[in-house]
Amino acid sequence: MSIENFVEKSRGVFEGISPNFLKAFGPWILKHPKYLFKYKKLLNAYKESEQKRAEYMEKGIMVPPVLILSITSRCNLRCSGCLAYASGTVKDNPSNLEVSEWKRLIEEANDLGVFCYFIAGGEPFIFDGLMDICSAHKDRFFLIMTNGTAIRENHFKKIRKLSNVLVTVSIEGDKEITDKRRGKGVYEKVVHTLRKLKEIGVLFGVSVTVERNNYEYWIKSSALEIYLKMGVKLAFFFEHIPVDQDEKEKVLTKEERKEFRKWITDFRNENPVLIIHSPGDEEKFGGCVSAGRGFAHVTPDGDLTPCPVTSASTHNVGRSSLEEALASPFFKEIRENEHLLETEDSPCALFSHPEALRKILDECSK
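Computed from a predicted model, the values in this text were never measured in an experiment.

S.K.: How would you summarise the packing of helix H9 (residues 186-199) against helix H11 (residues 223-230) if you had to cite specific residues and measurements?
M.R.: Helix packing for two helices is described by the angle between their axes and how far apart those axes are. The geometry of H9 relative to H11 is characterised by a closest axis approach of 10 Å and an angle of 40° between their N-to-C directions. Between H9 and H11, the angle is such that the two are oblique. Here Tyr187, Val191, Leu194, Arg195 and Lys198 of H9 come into contact with H11, specifically with Tyr227, Lys229 and Met230. Its residues assigned to classes, the contact of H9 with H11 comprises five nonpolar, no polar and three charged.

S.K.: An account of the nonpolar core is needed here, citing residue identities and associated values.
M.R.: If you look at the biggest cluster of nonpolar residues, it comprises 109 residues, and the most contacted ones within it are Leu69 and Phe237. Counting residues per element, this core draws most heavily on H9, at six residues.

S.K.: Please provide a residue-by-residue account of the environment of His137, values included.
M.R.: Position of His137 among the secondary structure elements: in the loop between helix H6 (130-135) and strand S3 (141-146). Separated by 30 residues in the primary sequence, His137 and Glu107 have C-alpha atoms spaced 8.2 Å apart. With sequence-adjacent residues up to four places away left out, His137 is seen in contact with Lys103, Ile106, Glu107, Asn110, Phe142 and Asn164.

S.K.: I'd like to hear about unusual backbone geometry, residue by residue, with values.
M.R.: With an omega dihedral of 15°, the bond running from Gly121 to Gly122 counts as a cis peptide bond. Relative to the helices and strands, Gly122 is located in the loop between strand S2 (116-120) and H6. For the bond from Ser278 to Pro279, the omega torsion is 15°, close enough to zero to count as cis. Counting through the fold element by element, Pro279 comes out in the loop between strand S7 (274-278) and strand S8 (295-298). Here Ala291, not a glycine, exhibits a phi torsion of approximately 55°, which is positive. Within the secondary structure, Ala291 sits in the loop between S7 and S8.

S.K.: Tell me about the sheet that holds S8, residues and numbers included.
M.R.: With respect to topology, ten strands assemble into an open sheet ordered S7-S6-S5-S4-S3-S2-S1-S8-S9-S10, the strand pairing being mixed. If you trace the sheet from one side to the other, it starts and ends with S7 and strand S10 (315-316), each paired once. Where helix H5 (residues 99-112) meets the sheet, it contacts strand S1 (66-70), S2, S3 and S8, and its direction lies at approximately 170° from that of S1. On top of the sheet, helix H12 (residues 254-270) reaches strand S5 (204-210), strand S6 (234-239) and S7; it is set at about 160° to S7, its chief contact.

Parameters and conventions
- Residues numbered from 1 in each chain as written.
- Predicted model: local features only at pLDDT ≥ 70, side-chain atom pairs only at ≥ 80, totals over all residues.
- Heavy atoms only, no water.
- Axes fitted to C-alpha atoms, helices over the stretch in contact; angles between N-to-C directions.
- Helix = DSSP H or I, 4+ residues; strand = E, 2+ residues; numbered from the N terminus.
- Parallel < 35°, antiparallel > 145°, perpendicular 65-115°, else oblique.
- Contact = heavy atoms within 4.5 Å.
- Nonpolar A, V, L, I, M, F, W, Y, C, P; charged D, E, K, R; others polar.
- Core = buried A, V, L, I, M, F, W, Y, C linked by side-chain atoms within 4.5 Å.
- Buried < 20%, exposed > 50% of the residue type's maximum accessible area, 1.4 Å probe, protein only.
- Pairing = 2+ DSSP bridges.

The values are spatial; any link to function lies outside them.
Shown next as structure tokens:
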């Protein structure tokens, strides 16, 4: 496949995902011609997945294009305000799914039309079978969300050989801001990981939890431009979700959220980077995209939840099929109760309606 044909064939698919997708990733792919054939395979798989999801939709089953897999409850850090810890995803003495069980789940999800897997945790690089899972499904895309401190040399060697993996490293801001939340010395380890990912020539990005103490750092400095020069192609900005009363003071005010949203919009229009802003980008989808509308979440124990924010679940993929779980009355009720999809000036829709969500869960669990 020539470079010109690749650009033409991929344009419709990429722009269907995001208008900025081709601008962000196209130049990188074109600079690495050896990946052209491999990306053609991924593009074909993406189109096939779209068709499968459409077929299941006709049957009344909404299959999301993305599954978030929290593959381990273990983490080597204990960051302040950790949502995974507060929701029970990160915990002591876990009983997690085995590598074989994750592979089986992904095979089932592939058959249903899932194309992309966000690998989370805990810390994914602590899980011994992480690279085996990614390499076993080369026609699916894996986005690994890591704190950047547990990646070892053997991981870099394996990632370098894969064309279906993008690594997203969490960072809060500069050294002071990052270490304050994540621990002393974390920032230096993160920067080392980012430089190493650029060195080995793979796609990578950053993930930021936006709070009142760091949002100005991002919108009033050239911070993100610095990371673009380092090779970052993707940036997640998740607005802080408070895990207790003390954390609520960190949530952006309405005015701050408006200011931050304007910066997001302006920056991505002017720069070759794919930016995903939550909850801001959910507006164009009519609200929250959890419960199968855009994604669903599987806990380390196998519970299928609407999203990583909540542990609410009626099905476990170790005891039922993924198809049955996605077709659950619980997910349907969430989608049909439109007020549950509205953030109401908060960083998360489901987090804003705990009582309503619990009521639906109780009714569907009878």
